[in-house]
Every structure is written in C-alpha cells, then in structure tokens.
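Read off the chains here:
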Amino acid sequence: RRWLIAACALAEMLVQMSTEENFGGRCWFQGLDTLISFPVKGNWPFVGGDDLTFDDFAAALLHDAHMARQLPTFGTGGGKLGALLQRLEAYVADATKHAEPGLDWTSFPGAFGERSREHAMRAMAQLEPPFGGFGTGRRFLLFVGLPIALYVSDCPHLYQLVR
C-alpha cells in the first residue's frame, strides 16, 4: 500500500513539474523537501529509515562522494569514474540552468546539521557547508544522487541489497 501511495505522489509531482507552476524548479525542490521532511513511513519490519533526515542522507551521500574521489583508482584526472561524473555534472548543470537559486533550500544557511559536519570532520573535508554542499561541481549529487538514495532507503528489497 505504501508503494502505491508513493507512486501516486511521484506521478502527481511529475504532472506538476510539466506545468508552468514549476518555473525555476519550484515543484522539484518542494517535492524533494516533502519526501525528506514527511516521508511515507514504513510498515514493520521495514522501519529502518523512518527516522532519517535530510542531514543523514546528505552526510552519507557527500561523505561517500568525497571518499570515492580519494581512491587511487579515481586517479589524477578522475579516471573513468571521474569522466562519468563530469559528464553527469555537465548534463545536470545544463538541465537545471534555469533553476532559481532562491528555491534551493539545500544551499540555505542551516540546511546541513551536525551529522554532515561530523562526517566532513572525520574525512578532513570542508566543513562549511560540509564537503562543499551541493554547489558547483556537485549538482549531480543533489539532482541524481539524493533521489536515488531516498528511493533505495524507502524500498526494503533494494535497501537490503546495498546494506
């Protein structure tokens, strides 16, 4: 039942995004905020992610991206993973070039909390915003990585696979 509710909410969001009401990415940012702030709660025994917040998702995602860039296989110039991420970033930057910066609540002061800062400190990365946030060069993490992280955490079968 909860997947049906989530699917209906996603379909509604896609319909809204195709209308003029989505000017500047308003529906996308509002939809993402709603998914994170008011998630569809799981049914026992799949309640492992019900208490997660934006800070939890952002901390894990930004930490993992930062650590992947430190791997020797990433190499100078980024290797194949680096090339893929650069292409993805270029695609996302082009697709979101008309997004209104004032709607991107992830860039507002206070968007990142203690969890993100703890992860950044342990990784010896930039602290304010943690890991540099979702700014230039990291937009793909916000527009692609974060929705995938939310989807995986809300689908028990996928969550078990990546765990």
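Note that the structure is a prediction, hence the values are computed from the model and not measured. (Residues numbered from 1 in each chain as written. Predicted model: local features only at pLDDT ≥ 70, side-chain atom pairs only at ≥ 80, totals over all residues. Heavy atoms only, no water.)

## A few points about the confidence of the model for the protein
Consideration 1: Of the residues in the protein, 75% have a pLDDT of 70 or more, and the chain-wide mean is 78.
Consideration 2: Across the protein, the element-wise mean pLDDT spans from 48 in helix α7 (residues 156–162) up to 92 in helix α5 (residues 114–122). (pLDDT = per-residue confidence, 0-100. Helix = DSSP H or I, 4+ residues; strand = E, 2+ residues; numbered from the N terminus.)

## Some points on the packing of aromatic side chains
Consideration 1: Summed over all chains, the structure comprises seven aromatic pairs.
Consideration 2: When the centroid spacing of 5.0 Å and the interplanar angle of 70 degrees are considered together, the rings of F54 and W105 count as edge-to-face. Here W105 lies in the loop between α4 (79–95) and α5 and F54 lies in helix α3 (residues 54–70), a separation of 51 residues in the sequence. When sorted by exposure, F54 lands in the same class as W105, which is buried.
Consideration 3: Between F54 and F112 the ring centres are 5.5 Å apart and the planes differ by 50 degrees, which places this aromatic pair in the tilted class. Placement of F54 in helix α3 and of F112 in the loop between α4 and α5 is noted, with a sequence separation of 58 residues between them.
Consideration 4: Grouped by ring-pair contacts, the aromatic residues F54, W105, F112 and F134 constitute a single cluster. (Phe/Tyr/Trp six-rings, centres within 6.5 Å; stacked < 30°, edge-to-face > 60°. Buried < 20%, exposed > 50% of the residue type's maximum accessible area, 1.4 Å probe, protein only.)

## So, the environment of R69
Consideration 1: With respect to the element layout, R69 can be found in helix α3.
Consideration 2: Residues R69 and L81, twelve residues apart in the sequence, show an inter-C-alpha distance of 8.9 Å.

## Regarding the side chain of H119
Consideration 1: If you trace the backbone, H119 turns up in helix α5.
Consideration 2: Of the polar contacts made by the side chain of H119, one reaches the side chain of R122; its length is 3.3 Å. (Polar contact = N/O pair within 3.5 Å; in protein donor to acceptor, adjacent residues only side chain to side chain.)

## Digging into α3
Consideration 1: With 17 residues, α3 should cover 24 Å at 1.5 Å per step; its first-to-last C-alpha distance of 24 Å lies within 8% of that length.
Consideration 2: Of all the positions in α3, only F54, D55, F57, A58, A59, L61, L62, A65 and H66 are classed as buried. (Expected span 1.5 Å × (residues − 1).)

## A short note on unusual backbone geometry
Consideration 1: Between E128 and P129 the backbone carries a cis peptide bond, its omega angle lying at -20 degrees.
Consideration 2: Within the element layout of this structure, P129 appears in the loop between α5 and α6 (139–154).
Consideration 3: With a phi angle near 55 degrees, M124 is a residue other than glycine that sits in the positive phi range.
Consideration 4: Within the fold, M124 resides in the loop between α5 and α6.

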